Amino acid sequence: MIDFCSLFQNSFLIIGTGSPLREDDQAGLIACDELLKNDVFCLKCEYGVENCFGEIDRFKPRFLIIIDTALFENGKPGDVIVTSEESISEVKLALSTHSIPVTLLIELMKKMWKLEKLYVIGIYPKSVDVGLEVSLEVSSSIERLVEEIKKCIKRERRVEELV
């Protein structure tokens with residue numbers, strides 16, 4: 001079990017990804033927009049993380065947190081899963097719209113930026129059909145997720161100030 005707030009320590013970069021033209025597949029992008037509105041930096045990568053390698057390279061993150069729509073075993077619309085790269089196969093996680101297999105993508109990123117750790121926050125979709133509407137289940141999950149991330153970052157900043 002991953003301590004959620006521990007993801008937001010050290011030198012991390014949050015990436016929100018997905019397709020803006022496929023209903024719930026927008027989840028990572030919408031979460032990123034909401035984080036940005038709340039002064040939490042998030043890099044938006046439309047249509048897949050692989051499309052932002054140049055931008056990610058500027059940050060050279062040690063820890064990467066990807067928010068995306070994901071299919072996983074026993075998931076229901078709106079369910080959220082947090083997993084590390086080591087556990088992706090265990091939870092049978094499939095990120096939604098990527099042209100590169102997840103395992104190869106992770107391998108590439110770890111080599112390119114010497115990542116210490118990569119985490120995926122996956123939101124189970126109700127529909128990834130072409131469209132602009134996001135389901136109520138996914139929309140509610142995005143809201144809760146953004147609030148949790150804000151709380152964690154605020155808590156980590158307080159701890160840093162004390163040290």
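Since the structure is predicted, the reported quantities are computational estimates derived from the model, not experimental observations. (Residues numbered from 1 in each chain as written. Predicted model: local features only at pLDDT ≥ 70, side-chain atom pairs only at ≥ 80, totals over all residues. Heavy atoms only, no water.)

A. The confidence of the model for the chain, seen in detail. On average, the chain scores 86 in pLDDT, and the residues at 70 or more come to 87%. Confidence, expressed as mean pLDDT per element, reaches its minimum in the chain at strand β5 (residues 94–95) with 64 and its maximum at helix α1 (residues 27–37) with 97. Note on residues 159–163: pLDDT is under 50 here. Beyond four places in sequence and across chains, it has 0 contacts. (pLDDT = per-residue confidence, 0-100. Helix = DSSP H or I, 4+ residues; strand = E, 2+ residues; numbered from the N terminus. Contact = heavy atoms within 4.5 Å.)

B. Representation of the nonpolar core. Judged by nonpolar contacts, the single largest core of 23 residues is most densely connected at Phe8, Ile14, Leu35, Ile67 and Ile149. Only α1, β3 (63–71), β6 (117–123) and α4 (136–162) provide two or more residues apiece to this core. Among the elements that make up this core, the one with the highest residue count is α4 (7 residues). Among the nonpolar cores identified, the runner-up in size contains 19 residues, and Leu13, Val49, Val102 and Trp113 belong to it. (Core = buried A, V, L, I, M, F, W, Y, C linked by side-chain atoms within 4.5 Å. Buried < 20%, exposed > 50% of the residue type's maximum accessible area, 1.4 Å probe, protein only.)

C. Fine view of the state of the cysteines. By the definition in use, this model includes 3 disulfides. The partner cysteine of cysteine 5 in its disulfide is cysteine 152, sulfur to sulfur 2.0 Å. Looking along the S-S bond of the cysteine 5-cysteine 152 disulfide, the torsion reads about -70°, which is the left-handed sense. Pair noted here: cysteine 5 is in the segment before β1 (12–18) and cysteine 152 is in helix α4, with a separation of 147 residues, a long-range link. Here cysteine 45 connects covalently by a disulfide to cysteine 52, the sulfurs 2.4 Å from one another. Between cysteine 45 and cysteine 52 the sulfur-sulfur dihedral comes to about -135°; the bridge is accordingly left-handed. The burial state of cysteine 45 is the same as that of cysteine 52; both residues are buried. Cysteines bonded in the chain are numbered consecutively along the chain; their disulfide partners then correspond to 1-6, 2-3, 4-5. (Disulfide = S-S within 2.5 Å.)

D. Spotlight on the pattern of salt bridges. The tally for this structure, following the rule as stated, stands at 9 salt bridges. Linking arginine 62 and glutamate 116 is a salt bridge whose minimum nitrogen-to-oxygen distance equals 2.7 Å. Here glutamate 116 lies in the loop between α3 (102–113) and β6 and arginine 62 lies in the loop between α2 (53–59) and β3, a separation of 54 residues in the sequence. By relative accessible area, which is 34% here, arginine 62 ends up partly exposed. Assessed through its relative accessible area of 44%, glutamate 116 is described here as partly exposed. With a shortest N-O distance of 3.9 Å, aspartate 79 and lysine 76 are connected by a salt bridge. For lysine 76, a relative accessible area of 52% translates into the label exposed. (Salt bridge = Lys/Arg side-chain N within 4 Å of Asp/Glu carboxyl O.)

E. Layout of the environment of leucine 105. Within the secondary structure, leucine 105 is located in helix α3. Overall, leucine 105 belongs to the buried group, its relative accessible area being 2%. In sequence terms leucine 105 and valine 49 are 56 residues apart; their C-alpha atoms lie 8.4 Å from each other.

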